[in-house]
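# Remarks on the overall topology
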Amino acid sequence: MRDVIIACDFKDRHETLAFLRHFDGVSPYLKVGMELFYKEGAAFVSELKSAGFRLFLDLKLHDIPTTVEKAMRNLGELGVELTNVHAAGGVEMMRSARRGLDASESGKKTKLIAVTQLTSTSPEVLKNEICVSLPLAEVVRIYATNAKNAGLDGVVCSAHEAGDMHALGLLSVTPGIRLAGDATNDQKRVATPLLARELGADFIVVGRSITAAADPLEAYRRCVAEFCE
């Protein structure tokens, strides 16, 4: 089942709730990332859950396995639908993340995905700054295979890699989505909702094309129409 996730990249609870007033009577899937979580914490996540929103808690954990497991044990109690780690942390770290989530009944229901490469990462950055000489697509494939071997449910990848993820039996959650004509900003590997659908993505994460729109609800419905219907 395809779905559109709105990236709530706002500075605080006040801005987020002001934005969500555009969606009276509608409960879209929301992404809570580092900016908002580090400001408002777990209490606001629980508030959004209580209000009926499905949540992708996008914190991209990347640390030693023991630390990640303990952190995920805490996050699992929030009962979000989706959360993630960085695949670059390795197979054992990803397995530890799953163990941490599985320590609670609510965490067992949370889908765990791994970030392969950020959609802001270009092949040049991968080679010259991250010092990985393999082609970007090959790095994504290897990291995704590691995620599968670690027992994860899917990966964060660009829409252009979604088909390869399906071949591995993994869900694909694709950021870097822009409506036609919108600025790409700091994203390098972007796609429209329609192209993401054609490429086989399961979820798209849409930020400024919705959050900065003159009519956010209309922009959201446009994304849903292109991607889901």
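Above this text you will find the structure in question.
Attention in this report is confined to the structure presented alongside it. Each chain carries its own residue numbering, running from 1 in the written order of its sequence. Restriction of local features to residues with pLDDT of at least 70 applies here, the model being predicted, together with a cutoff of 80 or more for giving and counting side-chain atom pairs; totals for whole chains, interfaces and linings are based on all residues. Side-chain metrics in this entry use all non-hydrogen atoms of the structure; hydrogen atoms and water are not considered.

### A look at the overall build of the chain
Here a strand is any run of E in DSSP of at least two residues, a helix any run of H or I of at least four, and the numbering for each starts at the N terminus. Within the chain, the regular secondary structure consists of 11 helices and 8 strands. Over its C-alpha trace the chain gives a radius of gyration of 17 Å, about what one expects of a compact globule, namely 17 Å for 229 residues. Projecting the C-alpha coordinates of the chain onto the three principal axes gives extents of approximately 45 × 40 × 30 Å. Residue exposure (1.4 Å probe, protein chains only): buried if accessible area is under 20% of the type maximum, exposed if over 50%, otherwise partly exposed. Burial statistics for the chain: of 229 residues in total, 49% are counted as buried. Within the chain, residue pairs in contact and separated by at least 24 positions form 69% of the contacts whose partners lie at least 6 positions apart. Taking the average place of the 27 positive charges on the side chains of the chain and the average place of its 30 negative ones, the gap between the two points comes to 3 Å. In this setup the radius of gyration rests on C-alpha atoms only. A globule is expected at 2.2 Å times the number of residues raised to 0.38. Only heavy atoms matter for contacts: two residues are in contact if any of them lie within 4.5 Å across the pair. Charged residues are defined here as Lys and Arg on the positive side and Asp and Glu on the negative side; His and the ends of the chain fall outside this count. We put the charge of a Lys on NZ, of an Arg on CZ, of an Asp on CG and of a Glu on CD.

### A short note on the packing of aromatic side chains
Aromatic contacts are taken between Phe, Tyr and Trp rings whose centres are within 6.5 Å, Trp giving its six-membered ring; a plane angle under 30 degrees counts as stacked, one over 60 as edge-to-face, and the others as tilted. Scanning the model with the defined rule gives 5 aromatic pairs in all. A ring pair is formed by Phe-19 and Phe-23, whose centres lie 5.2 Å apart and whose planes are at 55 degrees; its orientation type is tilted. The two residues Phe-19 and Phe-23 agree in class, both being buried. With a centroid separation of 5.9 Å and an interplanar angle of 70 degrees, the aromatic rings of Tyr-29 and Phe-203 are classed as edge-to-face.

### Remarks on the nonpolar core
Val-4, Leu-57, Met-72, Val-85, Met-94 and Ile-210 are the most contacted members of the largest nonpolar core, which has 61 residues in total. Those residues within four positions of Ile-210 in sequence are excluded, and the remaining contacts are Val-4, Ile-6, Phe-19, Phe-23, Pro-216, Ala-219, Tyr-220 and Cys-223. Within the second largest apolar cluster, 11 residues are counted, among which are Val-115, Val-173, Phe-203 and Val-205. We call a set of buried residues a nonpolar core when its members are Ala, Val, Leu, Ile, Met, Phe, Trp, Tyr or Cys and they connect through side-chain atoms within 4.5 Å of each other.

### What about the pattern of salt bridges?
The rule for a salt bridge is simple: a side-chain nitrogen of Lys or Arg has to be within 4 Å of a carboxyl oxygen of Asp or Glu. Applying the stated criterion across every chain, the model contains 14 salt bridges. A salt bridge links Lys-31 to Asp-58, with the shortest nitrogen-to-oxygen separation between them at 3.2 Å. A residue pair is termed long-range when its members are at least 10 positions apart, and Lys-31 in strand S2 (residues 29-33) and Asp-58 in strand S3 (residues 55-61) qualify at 27 residues. A single burial state applies to Lys-31 and to Asp-58, both of which are buried. In this structure, Lys-60 and Asp-58 form a salt bridge, with 2.9 Å as the shortest nitrogen-oxygen distance. The buried category is assigned to Asp-58, whose relative accessible area is 7%. Look at the salt bridges and you will find they share partners, linking Asp-9, Lys-31, Asp-58 and Lys-60 into a network.

### Topic: the side chain of Ser-104
Within the fold, Ser-104 resides in the loop between helix H4 (91-102) and helix H5 (105-108). Ignoring any residue separated from it by four or fewer positions in sequence, one finds Ser-104 in contact with Gly-76 and Glu-77.

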